[in-house]
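Given next are the chains, with one letter for each unit.
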Amino acid sequence: MEKLIIHGQKRLHGEIEVHGSKNSALPILAAAALVNGVSEIHNCPKLTDIDAAIHILMHLGCRVSRSGHTVTVDATAMNNWEVPDELMREMRSSVVFLGAILGRTGHAKLTTPGGCEIGLRPIDLHISAMEQLGAVLEEDAGKLDFHAPNGLQGARITLSFPSVGATENIMIAAATAKGRTVITNAAREPEISDLADFLNGCGAHIHGAGDSTVIIDGVPKLSGTCHTVIPDRIAASTYLLAGAVTQGKICVRDIVPAHIGALLPVLKEAGCDITASGRWVCLSAPPRLHRVKMTRTMPYPGFPTDVQAPLTAMLTVADGTSVIIENIFESRYKHAAELIRFGAKISVEGRMEVIEGVPYLTGASVVAPDLRGGFALILAGLAARGETVVTGLEHIDRGYETPEAILCALGADVKRVQDNGTAKEYTKEQSTKTDGETGVPKGGNKTTGTPQPGTAVRETTAE
Ligand code: UD1
């Protein structure tokens, strides 16, 4: 079992880049199945969820190749419409393939992704939307079998909640449906706009993505394009919180500051000095963070649910009591029990979490309960006195590319110990610049102003 071993209380300092957005790359990869041609997708992060999406594409008959952070999908010969249960289970968001398969073949058979660690995650909105687009659903022993023998038809679809995945599925399915589809109460996340940019690059006619009304005028077919995935705003937010929780000074560059617009006032309320410009955000944390009175997770542009757990970790050492209300998922506080092992004072009641800041945390052995909750434990380990051991890394590896490398480039003491006892360590070097394709950061010591190329990381083998 792999684990991360962290020796905490190192102030992080330097600059990093973050990888491409997982939540953009996944629907874009799914949408590539709808394309009658070759899609070249750049800035695709190296994550296990992306591997799972590639497995599904290959199973569907697409030819997929990968070179560094570029994934090339040739869906010309796609001939399969069924996703077996084992592939559906590899990734919770596999349902986003539904619209693409149905749109391309007029048929889609898959299993429900099921409940998960952060809540039930029903797919009723996805199913109802496909039915409104003309698909007929038959349920067969847990399998969902959709048919649209005469193709999909544009429709007016009003979502009862601005579901990110349902909005994406509708946009993909409607891209080659006959006529116009109008989605009202659509999700407005940046990943929705990125997906629309990809689809429009393939010849789709999508307007209004990023607003709550999205209009899709179906086209007969899509052809291939090249697309670069947007930077990962959740990873960027997480690393800024790592800087904050370690009293650090860090810059995250090559991001879109507006995408993390809901986090920046929270960091300021916590006493951090924030400077943002064009494509970067720099943070300088105070010696002791202040409490943040109330944070409510909301659909974009509100505070993202995916940053709730990392924020909790930061607030465990703030001065005073903070409250978080989780409005998106019904059980997204699994990290609280693990954070308490560090000495954090957290109580959870329903959707409300109360965090009473303590002066310091003490290292602990903890298990990542889910993706973002797992990284919250890393943040606690970075802040804590002594040694922390984090297991359950399969959750964290779904959404963060080489987190130990990025944190070490910022001066943290983190190593990944593999199953065979070998340690993967990433240490600072003063002059070499890393290859952007390796996924490790071009980190540096400069902490203010425009980011500069600086130190790099290298992989070493410990005894
Ligand atoms: C996406 C993100 C995830 C993020 C979430 C909310 C990806 C791959 N994942 O997930 O990281 O946490 O948005 O920002 O992009 N719901 C229903 N019925 C449905 C669909 C959703 O009730 O058919 C509910 C969900 O249970 C949840 C809420 O709507 O309570 C939001 O879910 P949704 O926006 O769909 O999240 P995902 O697309 O699954």
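In what follows, the structure referred to is the one given above.
Rules used throughout
- Residues numbered from 1 in each chain as written.
- Predicted model: local features only at pLDDT ≥ 70, side-chain atom pairs only at ≥ 80, totals over all residues.
- Heavy atoms only, no water.
- Near = heavy atom within 4 Å.
- Polar contact = N/O pair within 3.5 Å; in protein donor to acceptor, adjacent residues only side chain to side chain.
- Areas by Shrake-Rupley, 256 points an atom, 1.4 Å probe, with all protein chains shown as cover.
- Helix = DSSP H or I, 4+ residues; strand = E, 2+ residues; numbered from the N terminus.
- Core = buried A, V, L, I, M, F, W, Y, C linked by side-chain atoms within 4.5 Å.
- Buried < 20%, exposed > 50% of the residue type's maximum accessible area, 1.4 Å probe, protein only.
- Contact = heavy atoms within 4.5 Å.
- Expected span 1.5 Å × (residues − 1).
- Pairing = 2+ DSSP bridges.
- Axes fitted to C-alpha atoms, helices over the stretch in contact; angles between N-to-C directions.
- Parallel < 35°, antiparallel > 145°, perpendicular 65-115°, else oblique.
- Left-handed = near helix turned anticlockwise from the far one by under 90°.
- Salt bridge = Lys/Arg side-chain N within 4 Å of Asp/Glu carboxyl O.
- Nonpolar A, V, L, I, M, F, W, Y, C, P; charged D, E, K, R; others polar.
- Disulfide = S-S within 2.5 Å.

(A) Seen up close, the site of the ligand. Around the ligand lies a shell of 17 residues, among which D124, L125, S163, D306 and I328 are the nearest. At 2.8 Å, a backbone N or O of V164 approaches an oxygen atom of the ligand. Coverage of the ligand by the protein amounts to 84% of the 730 Å² it exposes when considered alone. Among the elements of the structure, α5 (124–132) and α6 (164–175) are those that each provide at least two residues to the shell around the ligand.

(B) Representation of the nonpolar core in the model. Core analysis: the biggest nonpolar cluster contains 78 residues, and F97 and F146 have the highest contact counts within it. Look past the residues within four positions of F146 in its chain and what remains in contact with it is L98, L102, G106, H107, A108, I127, M130, A135, V136 and L137. V245, L267, C272 and A364 belong to the second-largest nonpolar core, a separate cluster that totals 72 residues.

(C) Just helix α12 (residues 371–383), in detail. With 13 residues, α12 ought to run about 18 Å at 1.5 Å a step, and its terminal C-alpha atoms sit 19 Å apart, in line with that. Of all the 13 residues making up α12, 13 are buried; the element is thus mostly covered by neighbouring parts of the structure. Where α12 begins, the capping side chain belongs to D370, and its oxygen is found 3.4 Å from the backbone nitrogen of R372.

(D) The arrangement of α5 in detail. Inspection of α5 places L125, H126, I127, A129 and M130 among the buried residues, and these make up the whole buried set. Those residues of α5 hidden inside the fold are in contact with α4 (97–105), β8 (136–140), β9 (143–147), β10 (156–158) and α6. Once α5 ends, the next one or two residues include G134, with phi positive near 105°.

(E) View of the sheet that holds β9. A sheet is described by the order of its strands in space; here four strands give the open sequence β6-β7-β9-β8, paired in mixed fashion. Two strands in the sheet have a free side with no partner beyond their single neighbour: β6 (82–83) and β8. In the sheet, strand β7 (residues 107–111) pairs with β9 via five bridges, with the strands oriented antiparallel. Bridge assignment links A108 to a residue of β9, and that residue is F146.

(F) Layout of the packing of helix α1 (residues 22–32) against helix α7 (residues 190–201). Where α1 contacts α7, the axes come no closer than 9 Å and their chain directions differ by 30°. Classified by the angle their axes make, α1 and α7 are roughly parallel. In this structure, α1 crosses over α7, and the sense of that crossing is right-handed. For the pair α1 and α7, the contacting residues are N23, S24, P27, I28, A31 and A32 in the first and E191, D194, L195, F198 and L199 in the second.

(G) Local environment of the pairing of strand β5 (residues 70–74). Sheet topology places strand β3 (residues 38–42) next to β5; four bridges connect them, and they run antiparallel. Of the residues in β5, the one forming a bridge with I41 is V71. The pairing of strand β4 (residues 63–67) with β5 spans five bridges and is classified as antiparallel. Across the sheet, the residue bridging to R66 is V71, located in β5. Between β4 and the antiparallel strand that follows it, β5, lie two residues; G68 among them carries a positive phi value of about 55°.

(H) Representation of the pattern of salt bridges. Using the criterion set out here, one finds 15 salt bridges in the structure. For R341, the salt bridge goes to E338, with nearest N and O atoms at 3.6 Å. We classify E338 as buried; its relative accessible area is 14%.

(I) The arrangement of the packing of helix α8 (residues 233–245) against α12 in detail. With their axes 9 Å apart at the nearest point, α8 and α12 run at an angle of 20° to one another. Considering the angle they form, α8 stands roughly parallel to α12. The element α8 and its partner α12 pack so that their crossing is right-handed. Contacts between α8 and α12 involve I234, T238, Y239, L241, A242 and V245 on the former and, on the latter, R372, F375, L379, L382 and A383. Residue classes in the contact of α8 with α12 are distributed as nine nonpolar, one polar and one charged.

(J) Structural detail: the sheet that holds strand β16 (residues 273–277). The strand order across the open sheet formed by four strands is β2-β15-β17-β16, and the pairing between neighbours is mixed. Each edge of the open sheet carries a strand with a single partner, namely β2 (13–17) and β16. Taking the axes of each pair of neighbouring strands and ignoring which way they run, one obtains an average angle of 10° across the sheet. Direction of pairing for strand β15 (residues 249–253) relative to strand β17 (residues 280–284): antiparallel, over a ladder of five bridges.

(K) Quick look at the state of the cysteines. Using the criterion set out here, one finds one disulfide in the structure. Here C251 connects covalently by a disulfide to C282, the sulfurs 2.0 Å from one another. Sign of the S-S torsion, about 105° for the bond between C251 and C282, identifies this disulfide as right-handed. Remark: C282 occurs in strand β17 and C251 occurs in strand β15; sequence separation between them is 31 residues. Under the relative-accessibility criterion, C251 is labelled buried at 0%.

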